[in-house]
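The lines below spell out each chain.
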Amino acid sequence: MQTNDIARFLIITGIIIAAAGAIMLLLSKFGGINLGRLPGDINIRRENFSFHFPIVTSIVISVVITIILNLFFRK
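Among the structural elements, Asp41 can be located in the loop between helix H1 (3–29) and strand S1 (42–45). A distance of 3.4 Å separates the side chain of Asp41 from the backbone nitrogen of Ile55, its partner in a polar contact. With residues up to four places along the chain from it excluded, the contact list for Asp41 reads Gly36, His52, Phe53, Pro54, Ile55, Val56 and Thr57.

Right, here's the structure in full:
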């Protein structure tokens, strides 16, 4: 890999991450899917302690990213 290839990959990755962030902001403002608060995410609250583990959100994001990358890098 040459420097130009790495630079192009980093720019495209940054654009994809920024677009995903913008989509998440729009969805949360308009009452859509609120990632991090899906059914199945673990949320424990006690008096002096709170624990949040977004297991279902992690799975959903992983599946979406896998599908997108398979579409882009399919030969």
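After that view of the structure, there is still more to cover.
Another point: the environment of Asn43. As for its placement among the helices and strands, Asn43 is situated in strand S1. Under the relative-accessibility criterion, Asn43 is labelled partly exposed at 37%. Leaving out residues up to four positions away in the same chain, Asn43 has contacts with Arg37, Phe51 and His52.

The next point concerns the pairing of strand S2 (residues 50–53). In the sheet, S1 pairs with S2 via four bridges, with the strands oriented antiparallel. Each residue of the ladder has a partner; that of Arg45, found in S2, is Ser50. With antiparallel pairing between neighbouring strands as the criterion, S1 and S2 make up a hairpin whose turn holds four residues.

This brings us to the layout of surface pockets. Volume-wise, the largest pocket comes out at about 800 Å³. In terms of lining residues, the largest pocket is bounded by 23 residues, among which Ile16, Ile17, Ala20, Ile65 and Ile68 are the most central. When residues of the lining of the largest pocket are traced back to their parent elements, those giving at least two are H1 and helix H2 (55–72). The greatest single-element share of the lining of the largest pocket, amounting to twelve residues, is contributed by H1. For the lining of the largest pocket, the per-class residue count stands at 20 nonpolar, one polar and two charged.

Criteria and thresholds
- Residues numbered from 1 in each chain as written.
- Predicted model: local features only at pLDDT ≥ 70, side-chain atom pairs only at ≥ 80, totals over all residues.
- Heavy atoms only, no water.
- Helix = DSSP H or I, 4+ residues; strand = E, 2+ residues; numbered from the N terminus.
- Polar contact = N/O pair within 3.5 Å; in protein donor to acceptor, adjacent residues only side chain to side chain.
- Contact = heavy atoms within 4.5 Å.
- Buried < 20%, exposed > 50% of the residue type's maximum accessible area, 1.4 Å probe, protein only.
- Pairing = 2+ DSSP bridges.
- 1 Å grid on protein atoms, 1.4 Å probe; cavity = no way out; pocket = protein on both sides within 12 Å on 5 of 7 lines; lining within 4 Å.
- Points joined across faces, edges and corners; volume = space filled by probe spheres on them.
- Nonpolar A, V, L, I, M, F, W, Y, C, P; charged D, E, K, R; others polar.

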